[in-house]
Amino acid sequence: QSREKIMPFEPKFENLTLSQTALELTDKIKAQARTEISTDDISKILNVNAISYLEKKEVSDGKIDYDGKVVFFVCYQATDGEILKSECKTEFSGQIKDDKITKSCKVVLSSEVEKTEADASGVKLQLSANILVNGEAHDCMELKVASNGENLICDCQEKEYLSGLGIKESVYPIE
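Residues numbered from 1 in each chain as written. Predicted model: local features only at pLDDT ≥ 70, side-chain atom pairs only at ≥ 80, totals over all residues. Heavy atoms only, no water.

Q: Provide a residue-level description of the overall build of the protein, including the pertinent values.
A: If you tally the helices and strands in the protein, you get one helix and six strands. Counting helices and strands in the order they occur from the N terminus, the protein gives α-β-β-β-β-β-β. Burial analysis of the protein (175 residues in total) assigns 27% to the buried set. Sequence-distant contacts in the protein: of pairs separated by 6 or more residues, those separated by 24 or more amount to 74%. On the protein, roughly 13,300 Å² of surface is accessible, and the fraction owed to carbon and sulfur atoms is 47%. (Helix = DSSP H or I, 4+ residues; strand = E, 2+ residues; numbered from the N terminus. Buried < 20%, exposed > 50% of the residue type's maximum accessible area, 1.4 Å probe, protein only. Contact = heavy atoms within 4.5 Å. Areas by Shrake-Rupley, 256 points an atom, 1.4 Å probe, with all protein chains shown as cover.)

As structure tokens, then:
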């Protein structure tokens, strides 16, 4: 008989990704947006805030290209004393270069806004944000490993085994 017919179970394998080393990545980029707010209508800028998020990344040997958007929120006082709010968004893109980055790396990127500014010196209000892009690149390797035992047993049968009771026969001399 073959070995497969004797064994009541067969191992199941699954592919796991083993992360070997982590590479810390950072990049700083400046994004600017021009609003439709005329600077003649602004008496005072009260607050400027922004949030950023990444939409796409592309990993190739030696570099990571990324694209994202930043949304600006502006609160200002108009020349007539009214408090107004406005928001606008713009796109940004950048590139992180490192010789240790390979196409097989698993890359996780995130972005955050470090600083926002408003410039009311021109005809229209202009906003800018300094964006910090943080990331990790893991050099990965695919491995085939045995599963945790799920679906491991594939043949269940009842089997009978004969066992002794442990009674022994002895002969004793009589005096």
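Q: Explain a negative patch on the surface residue by residue, including any values.
A: Together, Asp40, Asp41, Asp80 and Glu82 make up a region of like negative charge exposed at the surface. Among the structural elements, Glu82 can be located in the loop between strand E3 (63-78) and strand E4 (83-97). A residue is classified by how much of its surface remains accessible, and Glu82, at 43% relative accessible area, is partly exposed. (Patch = residues over 30% accessible without salt bridge, like charges linked within 9 Å, V, L, I, M, F, W, Y side chains within 5 Å. Salt bridge = Lys/Arg side-chain N within 4 Å of Asp/Glu carboxyl O. Lys, Arg positive; Asp, Glu negative; His and termini not counted. Charge placed at Lys NZ, Arg CZ, Asp CG, Glu CD.)

Q: Tell me about the sheet that holds strand E2 (residues 42-60), and name the residues and values.
A: Taken in spatial order, the three strands line up as E2-E3-E4 in an open sheet, and their pairing is antiparallel. Because the sheet does not close on itself, it has two edges, and the strands there are E2 and E4. In this sheet, neighbouring strand axes are inclined to one another by 15° on average, regardless of whether the strands run parallel or antiparallel. Sheet topology places E3 next to E4; 15 bridges connect them, and they run antiparallel. Residue pairing across strands places Phe73 opposite Glu87, the latter belonging to E4. (Pairing = 2+ DSSP bridges. Axes fitted to C-alpha atoms, helices over the stretch in contact; angles between N-to-C directions.)

Q: Can you lay out the nonpolar core for me, pointing to particular residues and giving the numbers?
A: By size, the foremost hydrophobic cluster in this structure holds 29 residues, and its most contacted members are Ile64, Val70, Phe72 and Ile131. Mapped onto this core, the elements with two or more residues apiece are strand E1 (13-38), E2, E3, E4, strand E5 (106-119) and strand E6 (124-146). When residues no more than four places from it in sequence are discounted, the contact partners of Phe72 are Ala31, Ala33, Asn49, Ala50, Ser86, Glu87, Cys88, Thr90, Leu127, Ser128 and Ala129. (Core = buried A, V, L, I, M, F, W, Y, C linked by side-chain atoms within 4.5 Å.)

Q: I'd like a description of the environment of Ser86, backed by residues and values.
A: Looking at where Ser86 falls in the secondary structure, it is placed in strand E4. The exposure class assigned to Ser86 is partly exposed, which follows from its relative accessible area of 26%. The sequence separation of Ser86 and Glu36 amounts to 50 residues, and the corresponding C-alpha distance is 9.6 Å.

Q: A description of the pattern of salt bridges should follow, citing residues and the corresponding values.
A: Under the counting rule described, the total for this entry stands at four salt bridges. Glu55 is paired through a salt bridge with Lys69; the nearest N and O atoms lie 3.8 Å apart. Residue Glu55 is located in strand E2, and its partner Lys69 is located in strand E3; the two are separated by 14 residues in the primary sequence. Judged by its relative accessible area of 48%, Glu55 falls in the partly exposed class. Close ionic contact of Lys56 with Asp67 constitutes a salt bridge, the shortest N to O distance being 3.6 Å. Within this pair, whereas Lys56 is found in strand E2, its partner Asp67 is found in strand E3, the two being separated by 11 residues in sequence.

Read these as layout, nothing more, since geometry by itself doesn't imply function.
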